[in-house]
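Geometric and topological summary
Residue strings, one per chain:
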Amino acid sequence: MKIWRPFTQMATAQLPIRVSKARGPHLITDSGQKIIDGISSWWVINHGHCEPEIMKAIEDTSKKLDQIQFANFTHENAEALMESLADLTQNQFGYCFFSDNGSTSIEVALKMILQKSTKDKPLFVALENSYHGDTVGAMSLGSRGGFTKSFEKVLFDVHHLPEPKCFETWLKQSQVFLKKNQKKISGLIIEPLIQGAGGMNIWPVEQINKLCLFARQLKIPIIFDEVMTGFGRTSKLFAYEYFDFIPDYLCLSKGLTGGALPMALTLTQKETYEHFLSESKSKMFFHGHSFTGNPLSTAAALASCQLFHSRKSQYQTYWKDIELEHRKFVSKIISSPLVKNPRAFGTVLAFELESKDEGYMSQISEKIMSYFLKKAIYLRPLGNTIYLMAPFSLNKDQLSYVYEQILKGLECEFKS
């Protein structure tokens, strides 16, 4: 039996590189080569690979507890994690539902809204170029295109607010749509500030803030998909901290456990929780996973959250510094004829490489990835979009090396 790899055209893909170890910002191959993990292994590694305190927490728990049925039992790690998260989120959320990955954290929010709703047919509103996961509900919320074409028959209707040419006009038109369809709309979902798989698109705080405040006035539930932006990627612990409101649902995964083990959470409010309280079992929330609240995953998540507590000032300085360095680098590449729309926000740097074909299916992506792997850097572009989102353990010298190799690529390797 052979392995079928994710988001990979197996007919043309190069053989995978075997990794035997990982430490800090590095993946270490069987041959001993150290490769800078420039995309945090699909955005999940925030502190660094094999962070000692997280690994120890997993090891200690593995000696005592492996798995329990979370519907009838609880354990210390889960309870301590709730206390730690309540502190990190400044007690802005009342309840939390466990699941196992980013897509399912979105599915949980959707199902909570739908089970509460009295509407005959759901209508959700999302942003163009959005991506919320690969399960059917989460996939329905994403923009239609290559990711979704084969599954159109099973996706439910979603209205995507178009990509703005003028933000003022966009905001007015979006508000008109929300007002006109207020009674039909089940919810509004946003990847706050940075759209990940849609191309690392950066949205202005002010415009998203105004849109969501207007939706709040209309009593439209707001979901924040912080699967990628959560846990430090935007120079704040959570992207919602930039706004003047608290979303009704906050979806977290990826960096939740420091990337060590799969886990996801959907945070919500007391009002939502109390809707499902009843003497009748038919009113309970119908969702669950076999590994809900897994002790090993919660151990990792708890240790990760504790690191955000203990390293708060260190990380705040790091996030500020790396964003400054990214912005300096943007000023260096902005005049390159091969570079389009260079941008930086928080720990994320991105730009489009001039290409004959653009977007996620661009053929240039393999050439880009190959070039950087030869330089011992792992950057997996989104089509012709090159981006950097490294673990927080990447130091200034390593960051400078990555910048240097990008510049060299622009000077000779990426020219048609």
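Check the entry above for the structure.
Each value, and the rule that gives it
- Residues numbered from 1 in each chain as written.
- Predicted model: local features only at pLDDT ≥ 70, side-chain atom pairs only at ≥ 80, totals over all residues.
- Heavy atoms only, no water.
- Helix = DSSP H or I, 4+ residues; strand = E, 2+ residues; numbered from the N terminus.
- Buried < 20%, exposed > 50% of the residue type's maximum accessible area, 1.4 Å probe, protein only.
- Polar contact = N/O pair within 3.5 Å; in protein donor to acceptor, adjacent residues only side chain to side chain.
- Contact = heavy atoms within 4.5 Å.
- Salt bridge = Lys/Arg side-chain N within 4 Å of Asp/Glu carboxyl O.
- Pairing = 2+ DSSP bridges.
- Core = buried A, V, L, I, M, F, W, Y, C linked by side-chain atoms within 4.5 Å.

**Describing the side chain of Ser 130**
- Positionally, Ser 130 belongs in the loop between β5 (123-127) and α5 (136-141).
- A residue is classified by how much of its surface remains accessible, and Ser 130, at 6% relative accessible area, is buried.
- Here Leu 127 takes part through its backbone oxygen, which lies 2.7 Å from a polar atom of the side chain of Ser 130.
- Non-local contacts of Ser 130, meaning those with residues more than four positions away in its chain, are made with Leu 141, Gly 142, Ser 143, His 160, Glu 191 and Gln 195.

**Remarks on the pattern of salt bridges**
- The tally for this structure, following the rule as stated, stands at 14 salt bridges.
- Here Lys 63 ties to Glu 59 by a salt bridge, and the two come within 3.8 Å at their closest N and O atoms.
- Since its relative accessible area comes to 61%, Lys 63 is described here as exposed.
- Put simply, Asp 248 and Arg 216 hold a salt bridge, and the shortest N to O gap is 3.4 Å. Of this pair, Asp 248 sits in the loop between β10 (222-225) and β11 (249-252) while Arg 216 sits in helix α7 (residues 205-217), and the two are 32 residues apart along the sequence.
- The class of Arg 216 is partly exposed, set by a relative accessible area of 30%.

**Here's the deal with the pairing of strand β7 (residues 185-190)**
- Within β7, six of the six residues are buried, which leaves the element mostly enclosed by the surrounding structure.
- Of the strand pairs in this sheet, β5 and β7 are connected by three bridges, and their pairing is parallel. Looking at the pairing, Leu 123 lines up with Ile 185 of β7.
- Pairing geometry for β7 and β10, over three bridges, is parallel. If you follow Ile 189 over to β10, its bridge partner there is Ile 223.

**Digging into the nonpolar core**
- By size, the foremost hydrophobic cluster in this structure holds 87 residues, and its most contacted members are Leu 178, Met 200, Phe 224, Phe 231, Leu 410 and Phe 414.
- In terms of residue count, helix α10 (residues 312-333) provides more of this core than any other element does, seven residues in total.
- In this structure, Ala 109, Ala 126, Ile 189 and Val 227 belong to the second largest nonpolar core, which totals 18 residues.

**Describing the sheet that holds strand β15 (residues 377-378)**
- Within the open sheet, the four strands sit side by side as β1-β2-β3-β15. Their pairing is mixed. Each edge of the open sheet carries a strand with a single partner, namely β1 (19-23) and β15.
- In this structure, strand β2 (residues 26-29) lies alongside strand β3 (residues 34-37), joined through three bridges in antiparallel fashion. Bridge pairing in β3 links His 26 to Ile 36.

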